[in-house]
Amino acid sequence: MTDLPKLEADLVAAVAGAADLADLEAVRVAALGKSGSVSELLKTMGGLSPDERRERGPLINGLRDRVTTALAARKAELEAAALDAKLAAERVDLSLPAPPERRGRVHPTMQTLDEMIAIFADMGFGLAEGPDIEDDFHNFTALNFPPKHPAREMHDTFWLPENEAGERKLLRTHTSPVQIRVMQQANGKLPGWIATGQAPPIRVIVPGRVYRSDSDATHTPMFHQLEGLVIDRAIHMGHLKWTLDAFTRRFFESDAVVTRFRPHHFPFTEPSAEMDVQCDRSGGSVKIGEGSDWLEILGGGMVHPKVLANCGLDPDEWQGFAFGLGVDRLGMLKYGMPDLRDMFAADTRWLEHWGFSAFQAPNPATGLS
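Residues numbered from 1 in each chain as written. Predicted model: local features only at pLDDT ≥ 70, side-chain atom pairs only at ≥ 80, totals over all residues. Heavy atoms only, no water.

### Details of the overall build of the chain
- When helices and strands are counted, the chain shows eleven helices and eleven strands.
- Principal axes of the C-alpha set define a box for the chain whose edges measure 115 × 60 × 40 Å.
- For the chain, buried positions account for 41% of its 369 residues.
- Put simply, 64% of the contacts in the chain that link residues at least 6 apart link residues at least 24 apart.
- For the chain, the accessible area works out to roughly 20,200 Å², and carbon and sulfur atoms hold 55% of it.
- Here the chain carries 39 positive and 52 negative side-chain charges, and the mean point of each set is 2 Å from the other. (Helix = DSSP H or I, 4+ residues; strand = E, 2+ residues; numbered from the N terminus. Buried < 20%, exposed > 50% of the residue type's maximum accessible area, 1.4 Å probe, protein only. Contact = heavy atoms within 4.5 Å. Areas by Shrake-Rupley, 256 points an atom, 1.4 Å probe, with all protein chains shown as cover. Lys, Arg positive; Asp, Glu negative; His and termini not counted. Charge placed at Lys NZ, Arg CZ, Asp CG, Glu CD.)

Given below as structure tokens:
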């Protein structure tokens, strides 16, 4: 029969003599492993009589517990010694430069939007904002989209479920509803953060997110628009053309930018036009201000008399122009980004490449980008 006191003494001595964690692990396996000396003793318990088991069991279990405790204590000692040795051997060289910290970058969409706002602010435009969730009246009806009008099919709208009153709200398909809110004179019940009605003359831009059910390399379900609205007496298309010509040259930072107007149809403007810029499409990229090709970048026109009337303004006294452009798309054209979807992919590597410094705010006087 195994001499338990001698076995315990030998194992405790082996634990105490372990020089490192590897030696200690070898002692643990020899004692408590699957075929270890203590494990083999535990296996013999099944073949003992009840009286022998009552006598022998506490002795073997006590041996196992004491060896386990000795192993844990020695392991703590060896780990502490190893850490002390590592700390003594590894010193921090304070003369070395600190590792570079990762710095945040301004997203190209926000950079582009800031550039546009800076340009129009320099022209005397104010800023107006409105809600992303709109009602049918502001998004369609007031903008001369009557119910069941074919032009509504042009907008892939995200509709929300009906409310208790049977009304269906929607995610705005353009920022034009804010123009309605700016022109309306009877909207005092609206919260303060929503654009409130004001008497003409009006000169505002409306930046913000818009939503349409569309997705490909040049379209995303959520994107950004900036619209402009000018209401006054004796406003005409010449004012619109000059405003957009001046904006385009300043935005692309080149006097070589050439533009042209083409007749078009929008329900909320009459007459309406789309504006193209001259460009070069050779070489797999679009270069603005050179070449002989044309690229459409925005639309606008004179505010429709029905829209003015819907907002409580007399079309015989007031007139004006409105225009709208895609912020993300113009940013792609200016900075050569190939795919619109990358702008919303939340890839920090992409942002590290295309992002802008937060310490260089766009300024028309010192440079936009």
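Alright, that's what it looks like, and here's the rest.
### Quick word on the sheet that holds strand 3 (residues 158–162)
- An order of 2-4-3 is seen for the three strands of this open sheet, with the pairing classed as antiparallel. Two strands in the sheet have a free side with no partner beyond their single neighbour: strand 2 (133–134) and strand 3.
- In the sheet, strand 2 pairs with strand 4 (residues 168–171) via two bridges, with the strands oriented antiparallel. Following the sheet pairing, E134 is matched in strand 4 by L170. (Pairing = 2+ DSSP bridges.)

### Thoughts on the packing of helix 5 (residues 108–122) against helix 8 (residues 237–251)
- Helix 8 packs onto helix 5 with a crossing angle of 135° between their chain directions and a minimal axis gap of 10 Å. Classed by the angle they form, the pair helix 5 and helix 8 counts as oblique. The way helix 5 lies across helix 8 gives a crossing that is right-handed. Between helix 5 and helix 8, the residues in contact are T112, E115, M116, I119, F120 and D122 and T243, F247, R250 and F251, respectively. (Axes fitted to C-alpha atoms, helices over the stretch in contact; angles between N-to-C directions. Parallel < 35°, antiparallel > 145°, perpendicular 65-115°, else oblique. Left-handed = near helix turned anticlockwise from the far one by under 90°.)

### Things to note about the pairing of strand 7 (residues 259–266)
- As judged from the seven bridges shared by strand 7 and strand 8 (residues 269–280), these two strands associate in the antiparallel manner. Paired with F261 across the strands is M275, a residue of strand 8.
- Between strand 7 and strand 8, which pair antiparallel one after the other, the connecting turn spans two residues.

### Some words on the packing of helix 5 against helix 10 (residues 327–335)
- Packing of helix 5 against helix 10 leaves a shortest axis separation of 9 Å and a crossing angle of 95°. Looking at the two axes, helix 5 sits roughly perpendicular to helix 10. Contact with helix 5, carried on its side by T109, Q111, T112, L113, E115 and M116, involves V327, D328, L330, G331, K334 and Y335 of helix 10 and no other residues of that element.
- Across the contact of helix 5 with helix 10, the residue classes tally to five nonpolar, four polar and three charged. (Nonpolar A, V, L, I, M, F, W, Y, C, P; charged D, E, K, R; others polar.)

### Describing helix 7 (residues 176–183)
- Where burial is concerned, most of helix 7 is hidden: eight out of the eight residues are buried.
- Taken residue by residue, helix 7 has S176, P177, V178, Q179, I180, R181, V182 and M183 as its buried positions.
- Those residues of helix 7 hidden inside the fold are in contact with strand 2, helix 6 (136–139), strand 5 (202–211), strand 6 (222–232), helix 9 (305–310) and strand 11 (319–326).

### Quick notes on the pattern of salt bridges
- Within the structure shown, the criterion is met by 16 salt bridges.
- In this structure, the salt-bridge partner of D132 is R172, at a minimum N-O distance of 3.4 Å. Taken together, the positions of D132 in the loop between strand 1 (126–127) and strand 2 and R172 in the loop between strand 4 and helix 7 put the pair 40 residues apart, joining distant regions of the chain.
- Take R172: its relative accessible area is 2%, and that puts it in the buried class.
- Here the residues in one salt-bridge network are R260, R262, E274 and D276, joined through shared partners. (Salt bridge = Lys/Arg side-chain N within 4 Å of Asp/Glu carboxyl O.)

Interpretation in functional terms is not warranted from these geometric data alone.
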